[in-house]
Amino acid sequence: MKNINVDSLNLSPVEKRFVELQENKKISTKVPYITVDNFPKLGFLTALRFLEWVGQNPEGTISLPTGKTPEYFIRWTQYLMENWSNAKGKKLREDYGLKGEKKPDLSGLKFVQIDEFYPINSQQQNSFYYYVNEYYIKGFGLNPKNALLINSDTIPLVIGKHFSEVFPDSKVDLSLRYREAKTKKEQEQQQSIFKIDDWCCNYEAQVRERGGIGFFLGGIGPDGHIAFNTRGSDHYSTTRLTATNFETQAVAAGDLGGIEISRHRLVITIGLETITYNKDAVAIIFAAGEAKAGLVKDALESEPTVLYPATVLQRLPNSRFYLTQGAASQLTDSIEHFYKTGPWTHEKTEKAVIDLCRKSNKYGHHLLLEDLKNDPFCRLIPNLNNDTVQTVVNSIVSKIERGMQEENNEVYYHTGPHHDDIMLGMLPPLTELLNNDSNKSHFSVLTSGFTAVTNDFIYNSLIDTKQFIEEGQVKMIEYPDFFETGYKYKWDKDVYHFLNKVASGEPRERKRGLSHRLIRAIVDIWAVKSIDELRDTINSILAILRDSYSGQKNPPKIQKLKGMLREFEEELVWAHFGVQVKNVHHLRLGFYTGDIFTEQPNRERDVIPVLKQLKEIKPSVISLAFDPEGSGPDTHYKVLQAIANAVALWSKEEDLSKLRIWGYRNVWYKFHPADVNVITPVTLNALDVLDKSFTDCYLSQVNASFPSYELDGKFSALAQRTWVDQLNMIQLLLGKVYFYTNPNSKIRASHGLIFFKEMTVEEFLKEARDLEKSMEGMV
């Protein structure tokens, strides 16, 4: 790829300033990009550029995104507007190139909504119509009369009907565009679809009457989509009603209340031609986190193709990508910068050689010195010789041997941001530790996890519970002290009873076991005092759930009930290995609220509870989810910071020089083998235990209502696929012979590998501080 002369990019003063500040100034991509240190600074850059453009185009047409990525763009725009004339605001504007003394007036701007689910009630808080009105029309002080919005409630349908009448199950069959309508209802739906198509054509015409979009800001989806223009979209597409693909549906599941809903929900979206119609448009895609790095690479380094929708932006001279360093990490520019700057390390040698095996599809022992010399990164290895590959083989073998070392007389504190994170990250090695009675293990889930339980699941479970009560199948509620104190005891019995019925193969009895725990939780949360009150409370919860739309934020008590259901699931998993309920801890940290923009952890509410447990348990090993910047749910990052702060406080009171920290990853992001120092073999038996225990215990997750965009199925299946892929990567370096002829039976039996990183306290706290800088930076 040819380097772009930065001076030829027609950068704005704000953009020039940020390019001056970025460490790597080489740009060789099809569309220019700017990198920043952290997520908040990404929002800061975008806000500055937006206000810079508005200053020059006070009556221009803008189109702004929804979701979580715009959080800091919204905050910084409001902050800069509020502080425009004071010393803080002036200094920020001077430091970052935002010229002009006159405060921009946003009220003259014209707004175009990018997309919306169809159909959806516009008053629901999970509709994009609601988001746009809340955060942009009200939040930025835009004039609603100048806004072109997508309101499902007002889009005309056949004979003036509402979508709830025409599409009562909210499912729109687009095949009616092309086939014969076979019933009166289908005729009504067919005519309505064509009316929606007419509405979309008119929407497109109105955008063009305004001269097209002058300032477009958007994110990039898991399949590379821009707006809802998914992979395969025509680069000349216009506003339309369309279906989405699985990756998009998986991400939308969180908004809509589950994949069961998002799988069948259509969208109205502006097209790629809509975005690029105005050839002078400033079109910005912003992305944060290493999980986006592959998508960014495809979008910026590929020729225009429908496989990567963002390649359409190569048409626009003023298109840009604004990226965090993590999101830019797979760009050729970034990889070259990694290898060519700073001291050379063995980690770089490992990474270069392992990646060459993958690129060339050659086993390590087949790599020739000539292959290394011809590779742009291996050739940089100091003292490159015929033994170079063997040094990497030796270091990887030592990591595997370290992963098989026996551990005795240790106290483990295994933590997870959500229920199932620990299992999906480290179940096979933990199984061996749990079978050693000299070790003591505690499991702590730091958030409530209620957002992972659908309304339908808890509703159906409560219907079952009501039935068991009416049949007299819940004897414990008949004990005289149950509603006073009895409900607090025998929680281990609930677990044991449930797993007995797993063993005996009695699904109805398993439901009865679940009903016992739900009743205890309801008595605890609602302070129920009698059987009649219990029935009334269950009926009241059912009524609330019936009246709720999917994806709606539940009242706090129902959130807690859902969370306690997830806690029961976690207890079931570890009871497989004899771990008692008292050793499975549920911290329910307060930053976890279910809101679109969540709070940062604070010391008293979120750090002190962790510190208290550390002092009580006195672990010799702590395990934790260790995802990079902006990858996976932000809960992972926030939990890591809470633990890091607690460990830092604990280190001031005790000598923690012997404390070990294990950083694991699971389904959200993967380690490169060069990034870790421990590799653990996984047997077929361990894979079976993973799948069976996940299926039997994580009752609310078996149907994968909130799946990863990488797999349409259970998280346990995705974890298995990850471990197998990691084995294949290492087999390419070491050769299959190393595994199936190895004198160690554990290695011979391995059909997957788990990578994790063991750190000292000092190393962990440094990593956590670096991660904090990448996420919070200037907040």
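Starting afresh in each chain, residues are numbered from 1 along the sequence in its written order. Only residues with pLDDT of 70 or above have their local features reported here, since the model is predicted, and side-chain atom pairs are shown and tallied only from 80 upward, although totals for entire chains, interfaces and linings are computed over all residues. Side-chain metrics in this entry use all non-hydrogen atoms of the structure; hydrogen atoms and water are not considered.

Draft legend 1. A look at unusual backbone geometry. Omega for the bond connecting Y118 with P119 falls within 30 degrees of zero, at -10 degrees, which places this linkage in the cis form. Locating P119 in the fold gives a position in the loop between β4 (115–118) and α5 (128–138). Of note, I159 is a non-glycine position whose phi angle comes to about 40 degrees, a positive value. Structurally, I159 can be placed in the loop between β5 (147–148) and α6 (163–166). Residue I159 is classed as exposed on the basis of its relative accessible area, which comes to 70%. Here R588, not a glycine, exhibits a phi torsion of approximately 50 degrees, which is positive. A run of H or I in DSSP becomes a helix once it reaches four residues, and a run of E becomes a strand once it reaches two; helices and strands are each numbered from the N terminus. Position of R588 relative to the elements: it lies in the loop between β13 (584–586) and α22 (603–617). With a 1.4 Å probe rolled over the protein chains alone, any residue whose accessible area is under 20% of its type maximum counts as buried; one over 50% counts as exposed, and the rest are partly exposed. Classification of R588 by relative accessible area gives partly exposed; the value is 34%.

Draft legend 2. Up close: the pattern of salt bridges. Salt bridge, as applied in this entry: a Lys or Arg side-chain nitrogen positioned within 4 Å of an Asp or Glu carboxyl oxygen. One pass over the full model with this rule turns up 48 salt bridges. Residue R315 pairs with E273 through a salt bridge whose shortest N-O separation is 2.9 Å. One end of the pair, R315, is in the loop between α11 (293–301) and β10 (319–324); the other, E273, is in helix α10 (residues 272–276), with 42 residues separating them in the sequence. Linking E471 and R508 is a salt bridge whose minimum nitrogen-to-oxygen distance equals 2.9 Å. Here the residue E471 occupies a position in the loop between α17 (455–470) and α18 (491–504), and R508 occupies one in helix α19 (residues 507–526), the gap between them amounting to 37 residues. With a relative accessible area of 35%, E471 lands in the partly exposed category. A network of salt bridges, in which partner residues are shared, links R402, E407, E410, R660 and E758.

Draft legend 3. Molecular detail of the environment of D696. With respect to the helices, strands and loops of the structure, D696 is situated in helix α24 (residues 684–697). Spatially, the C-alpha atoms of D696 and V610 are 29 Å apart, while their sequence positions differ by 86 residues. In this description, contact between two residues means that some pair of their heavy atoms is separated by no more than 4.5 Å. Among residues more than four places away in sequence, those in contact with D696 are F498 and V502. Here a polar contact is recorded for every N or O atom pair within 3.5 Å, except that within protein the pair must consist of a potential hydrogen donor and a potential acceptor, and residues adjacent in sequence are included only if both atoms are side-chain atoms. A polar side-chain atom of D696 sits 2.4 Å from a polar atom in the side chain of K692.

Draft legend 4. Structural detail: the sheet that holds strand β12 (residues 440–445). The pairing criterion is simple: DSSP has to find at least two bridges between the two strands. Ordered by their spatial adjacency, seven strands build an open sheet running β13-β12-β11-β14-β15-β17-β16, and the pairing between neighbours is mixed. The sheet terminates laterally at β13 and β16 (678–683), the two strands that pair on one side only. Here the average twist between neighbouring strands, direction ignored, is 25 degrees. Angular values range over 0 to 180 degrees, each being the angle between N-to-C directions of two axes fitted as lines to C-alpha atoms, with helices fitted over their stretch in contact.

Draft legend 5. Fine view of the packing of aromatic side chains. Centres within 6.5 Å are what make two rings of Phe, Tyr or Trp a pair, Trp counting through its six-membered ring; a difference in plane orientation under 30 degrees is then read as stacked, over 60 as edge-to-face, and the rest as tilted. A complete count under the given rule lists 34 aromatic pairs for this structure. Members of the aromatic cluster, joined through ring pairs, are F50, W53, F73, F111, Y131, Y135, Y136, F140 and F215. We call a charge positioned above a ring when the Lys NZ or Arg CZ atom is no farther than 6 Å from the ring centre and deviates by at most 35 degrees from the ring normal. Across from the ring centre of W84, 4.1 Å away, lies the NZ or CZ of R93, which sits over that ring. Taking NZ or CZ as reference, K351 lies 5.6 Å from the ring centre of F338, over its face.

Draft legend 6. Highlighting the sheet that holds strand β3 (residues 110–112). If you walk across this open sheet you meet the seven strands as β1-β10-β9-β6-β2-β3-β5, and the pairing is parallel. Both outer strands of the open sheet, β1 (33–36) and β5, are each paired with one neighbouring strand and no more. Where β1 meets β10, four bridges bridge the pair, whose relative direction is parallel. In the strand pairing of β10, T35 is matched with L323.

Draft legend 7. The side chain of T537, seen in detail. Within the secondary structure layout, T537 lies in helix α20 (residues 531–546). The class of T537 is buried, set by a relative accessible area of 10%. Setting aside residues no more than four positions away along its own chain, T537 makes contact with I522, W526 and V528.

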